[in-house]
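Inside the fold
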Amino acid sequence: MRYSKYFIPTLREVPADAEVVSHKLMARAGMIKKLASGIYSYLPLGVVMIKKVEEIVRQCMNEAGAIELVMPSVQPAELWQESGRWDFYGKELLRIKDRHNRDFCYGPTHEEVITDIIRSYISSYKALPINLYQIQTKFRDEVRPRFGLMRGREFIMKDAYSFDVDDAGANESYKKMYDAYCKIFERCGLRYKVVEADSGAIGGSYSHEFMVLADTGEDFVISCDSCDYSANVEKAPLKNEYKPFAGEMKPAEDIETPGAKTVAEVAEFLKVPDAAIIKTMVLNVDDKIIAVCVRGDHELNLAKVKNYFDASIVDFATPAEIFDHTGSPMGFCGPCDIKIPVYGDFAVTEMGNYCVGANSKETHKINVNHGRDFQFEAVDDFRNAEAGDNCVACDGKYEITKGIEVGHIFKLGTKYSSSMNAMFLDNNGKRNPFVMGCYGIGVTRVVSAAIEQNHDEKGIKWPVHLAPFKICVLPLAMKDKDVVETAENIYKNLTDRGIEVLLDDRDERAGVKFNDAELIGIPLRVVVGKKTLADGKVEIGVRSTGESSETAVDDCCEEIVRKLQELSA
Ligand code: 9G3
């Protein structure tokens with residue numbers, strides 16, 4: 001490709017709203033351009049990268065026996081009303097009306113559409129299992145889109161759906177996708193971890209997330225330092241290894257704590273550690289108001305609360321709900337003398353003589369003890385796991401790393417087939433709902449994640465197999481006939497070998513050409529300058545190591561092919 005005939009609008013400056021390096025570099029390297037919040041145009045270099053990831057995904061999905069189709073991005077409300085999800089989702093579901101004033105949504109996912117397709121054509125177990133997938137644009141109206149393509153509102157997803165006769169079959173389909181995903185991320189050259197995940201609102205018996213390890217990841221991955229257990233922090237379970245408090249219970253006492261509200265402020269005021277305070281969170285669990293107590297230095301895990309109560313919606317209670325049910329203003333809730341059931345995280349069982357909110361403004365109770373001053377309905381695992389916690393699977397310790405979720409696979413059970421009456425006749429002639437699985441990969445997010453893992457201060461450092469161009473040829477003096485002719489010959493020689501080459505034939509200074517080549521991350525460069533050419537030589541530079549060497553013009557193509565093979569190993 002000739003730079004002068006292509007379109008790579010590189011930028012010196014970083015867009016103001018770019019916070020993470022992949023967003024900064026994709027904007028500066030002329031790969032994306034923001035149209036609106038969370039909505040991006042994929043410029044030519046961005047499209048090349050997206051197609052490379054799609055190609056890897058397509059190959060592995062086809063090898064796993066999945067079949068490609070494409071479903072519409074605009075979906076009729078009727079299907080979502082059948083599945084019961086039309087009223088379940090809030091503002092995240094972008095709803096639109098057509099000219100006849102009929103309700104539609106811009107597809108955030110396609111369980112309803114694929115189930116409607118299957119129920120129209122498949123009615124016998126003989127046609128199962130089947131796995132259909134698409135690579136398609138999705139829209140989710142995220143409340144805070146950020147980090148460029150990492151968390152956009154419009155994005156490209158590969159979503160696959162499997163249909164089996166029973167749970168055993170569904171497990172096989174799930175395993176095939178699990179293995180295909182490992183192959184996909186290996187071929188993308190990504191360092192990733194598979195973690196047990198919380199299957200969230202869509203039910204199903206289990207799910208796994210594929211996490212690319214990167215500091216800018218928004219998800220927290222808990223992994224054991226001894227065994228290979230790892231899980232999303234939403235799911236990572238904790239052992240109940242706490243001994244009940246057996247110390248002497250001191251008399252409880254209300255004390256004024258003016259100006260102290262947060263755990264840190266109260267701990268400071270009372271000169272006690274955070275761990276000697278209990279936080280009482282008032283929650284709305286499917287419209288039931290309850291309280292959950294966790295130790296002051298721990299974090300409540302809402303996903304665990306939701307799973308414990310098998311609830312659809314769990315949220316923090318509003319100030320009004322808190323006042324109605326505890327008589328307390330926000331921030332002073334405590335477990336004593338309130339009309340709602342109180343639950344506790346395992347860790348609070350070994351606490352005694354601790355401090356809690358007194359359910360009145362700027363007042364706390366000290367030397368409180370459960371069993372005497374209030375009762376727990378139950379204690380269970382309600383907090384986030386942390387680094388240093390004991391692993392549930394062995395006697396190792398948990399570690400915590402940040403990850404970018406690039407893939408998520410779920411067993412769905414019959415959630416959609418039952419609600420949408422998608423049935424097949426089994427080998428006894430009995431009607432059964434399909435047993436489903438669904439499998440997503442964030443294609444545009446994979447491009448961001450690859451840059452998060454492959455960059456330096458000069459720009460992107462594409463691994464060879466992902467690079468949009470393997471080599472760039474940089475003639476430094478566009479007015480010098482020898483320089484231009486030599487560069488053209490090298491460009492032609494390499495292109496004729498089927499290698500993706502970018503010839504920077506712009507009439508620009510050397511520095512501009514070097515900077516752009518480094519910014520867009522091309523693995524190898526061939527510099528054709530007057531001085532070295534006078535000795536019949538050109539210079540070959542390696543992006544990943546910064547090393548460069550001079551080579552005779554006649555040998556340079558062989559040398560480049562050798563270096564490419566070296567880098568691809
Ligand atoms: C919605 C909106 C947002 C959503 C969903 C529905 C996430 C929704 C879960 C999934 C599960 C799998 C197939 C591919 C892999 C993931 N966010 N999910 O269902 F209406 Cl607004 O999408 N779907």
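Since we're looking at a predicted model, the values are computed, not measured.

**Some details on the overall build of the chain**
Broken down by element type, the chain carries 14 helices and 31 strands. Looking at the chain as a whole, 52% of its 569 residues qualify as buried. When contacts within the chain are restricted to residue pairs at least 6 apart in sequence, those whose partners lie at least 24 apart make up 69%. Surface summary for the chain: the accessible area is close to 25500 Å², and the carbon and sulfur share equals 51%. Seen as two clouds, the 71 positive and the 89 negative side-chain charges of the chain have centres 4 Å apart.

**Some points on the sheet that holds strand β19 (residues 363-368)**
Taken in spatial order, the three strands make up an open sheet running β13-β19-β18, and their pairing is antiparallel. Either end of the sheet is taken by a strand with one partner, and the two such strands are β13 (253-256) and β18 (354-357). Within the sheet, the average angular offset between the axes of one strand and its neighbour, ignoring direction, is 30°. Two elements, β18 and β19, share three bridges in a ladder whose sense is antiparallel. The residue of β19 that forms the bridge with Y354 is V368.

**A few points about the packing of aromatic side chains**
Scanning all chains against the criterion turns up 20 aromatic pairs. Summarising the aromatic geometry, the rings of F185 and F210 are spaced 5.6 Å apart at their centres and angled 35° between planes, so their arrangement reads as tilted. Here F210 lies in strand β10 (residues 207-213) and F185 lies in helix α5 (residues 167-187), a separation of 25 residues in the sequence. We classify F185 as buried; its relative accessible area is 0%.

**Quick look at the site of the ligand**
Lining the immediate surroundings of the ligand are 17 residues, of which R85, P108, T109, E111 and R140 lie closest. In this structure, an oxygen atom belonging to the ligand sits 3.4 Å away from a side-chain N or O atom of Y89. In the complex, the protein chains occlude 91% of the 500 Å² of accessible area that the ligand would expose alone. Residue assignment for the shell around the ligand shows that the elements contributing at least two residues are β8 (154-164) and β24 (435-442). Looking at the shell around the ligand residue by residue, the classes come out as ten nonpolar, two polar and five charged.

**Quick look at the sheet that holds strand β14 (residues 278-285)**
With mixed pairing, the five strands of this open sheet are ordered in space as β16-β14-β15-β17-β20. The open sheet has two edge strands with one neighbour each: β16 (314-316) and β20 (378-380). On average, adjacent strands in this sheet sit at an angle of 35° to one another, irrespective of strand direction. In terms of strand pairing, β14 meets β16 through three bridges, oriented antiparallel. From the neighbouring strand, L283 faces β16, where its bridge partner is F316.

**A short note on the side chain of D389**
Tracing the sequence through the fold places D389 in the loop between β20 and β21 (398-413). Since its relative accessible area comes to 13%, D389 is described here as buried. A distance of 3.0 Å separates the side chain of D389 from the side chain of R383, its partner in a polar contact. Excluding residues within four positions of it along the chain, D389 makes contact with L238, R383, N384, G396, K397 and Y398.

**Description of the nonpolar core**
Across soluble globular proteins, you tend to see nonpolar side chains buried next to one another. Ranked by size, the top nonpolar core spans 63 residues in total, and within it M31, F185, F210 and W462 carry the most contacts. Ranked by residue count, the leading element in this core is helix α2 (residues 44-63), at eight residues. Structurally, this core is a two-domain feature, drawing no fewer than three residues from each of domain 1 (14-68 + 108-236 + 400-452) and domain 3 (469-568). Discounting chain neighbours no more than four positions away, the residues touching F210 are Y178, Y181, C182, F185, Y192, K193, V194, I404, E405, V406, G407 and I409. Residues L69, I118, L128 and Y416 belong to the second largest nonpolar core, which totals 26 residues.

**Section: the pairing of strand β1 (residues 32-36)**
Sheet analysis places β1 next to strand β2 (residues 39-42), joined by four bridges and oriented antiparallel. The residue bridging K34 from the neighbouring strand is Y40, located in β2. The hairpin turn running from β1 into β2, its antiparallel successor, is two residues long, and G38 in that turn takes a positive phi close to 75°.

**Quick word on helix α1 (residues 21-28)**
Note that an α-helix has 3.6 residues per turn; residues three or four places apart therefore point the same way. α1 sits mainly inside the fold: six of its eight residues count as buried. Inspection of α1 places S22, H23, L25, M26, A27 and R28 among the buried residues, and these make up the whole buried set. Residues of α1 that are buried sit in contact with β1, β2, α10 (443-453), β25 (455-456), β26 (459-460) and α12 (510-519). Residue G30 follows α1 closely and has a positive phi angle near 70°.

**A closer look at the domain arrangement of the chain**
Accessible area lost when the parts come together is the quantity often used to give the size of an interface. According to the domain assignment, the chain contains domain 1 (14-68 + 108-236 + 400-452), domain 2 (253-380) and domain 3 (469-568). Relative placement of domain 2 and domain 3: their C-alpha centres are 66 Å apart.

**So, helix α11 (residues 481-496)**
Given a rise of 1.5 Å per residue, 16 residues ought to cover 22 Å, and the 22 Å separating the end C-alpha atoms of α11 matches this to within 8%. Looking at the buried positions of α11, the neighbouring elements they touch are β27 (471-475), β28 (501-503), β29 (524-528), α13 (530-534), β30 (537-542) and α14 (556-568). Of the residues that open α11, the one with a side-chain oxygen 2.9 Å from the backbone nitrogen of D482 is D480. Where α11 ends, the next residue or the one after it, G498, has phi of about 80°, a positive value.

**Notes on the packing of α11 against α14**
Look at α11 against α14: their axes get within 10 Å of each other, and the N-to-C directions meet at 50°. By the angle class used here, α11 and α14 are oblique. Our pair here, α11 against α14, has a crossing hand that is right-handed. Seen from α11, the contacting residues are I490, N493 and L494; seen from α14, they are C556, C557 and I560.

**So, the side chain of S173**
With respect to the element layout, S173 can be found in helix α5. Here S173 falls in the buried class, since its relative accessible area comes to 11%. A distance of 2.5 Å separates the side chain of S173 from the side chain of D164, its partner in a polar contact. When near neighbours in sequence (up to four residues on either side) are disregarded, S173 contacts P129, S162, D164 and Y439.

Criteria and cut-off values
- Residues numbered from 1 in each chain as written.
- Predicted model: local features only at pLDDT ≥ 70, side-chain atom pairs only at ≥ 80, totals over all residues.
- Heavy atoms only, no water.
- Helix = DSSP H or I, 4+ residues; strand = E, 2+ residues; numbered from the N terminus.
- Buried < 20%, exposed > 50% of the residue type's maximum accessible area, 1.4 Å probe, protein only.
- Contact = heavy atoms within 4.5 Å.
- Areas by Shrake-Rupley, 256 points an atom, 1.4 Å probe, with all protein chains shown as cover.
- Lys, Arg positive; Asp, Glu negative; His and termini not counted.
- Charge placed at Lys NZ, Arg CZ, Asp CG, Glu CD.
- Pairing = 2+ DSSP bridges.
- Axes fitted to C-alpha atoms, helices over the stretch in contact; angles between N-to-C directions.
- Phe/Tyr/Trp six-rings, centres within 6.5 Å; stacked < 30°, edge-to-face > 60°.
- Near = heavy atom within 4 Å.
- Polar contact = N/O pair within 3.5 Å; in protein donor to acceptor, adjacent residues only side chain to side chain.
- Nonpolar A, V, L, I, M, F, W, Y, C, P; charged D, E, K, R; others polar.
- Core = buried A, V, L, I, M, F, W, Y, C linked by side-chain atoms within 4.5 Å.
- Domains from an automatic or database assignment.
- Expected span 1.5 Å × (residues − 1).
- Parallel < 35°, antiparallel > 145°, perpendicular 65-115°, else oblique.
- Left-handed = near helix turned anticlockwise from the far one by under 90°.

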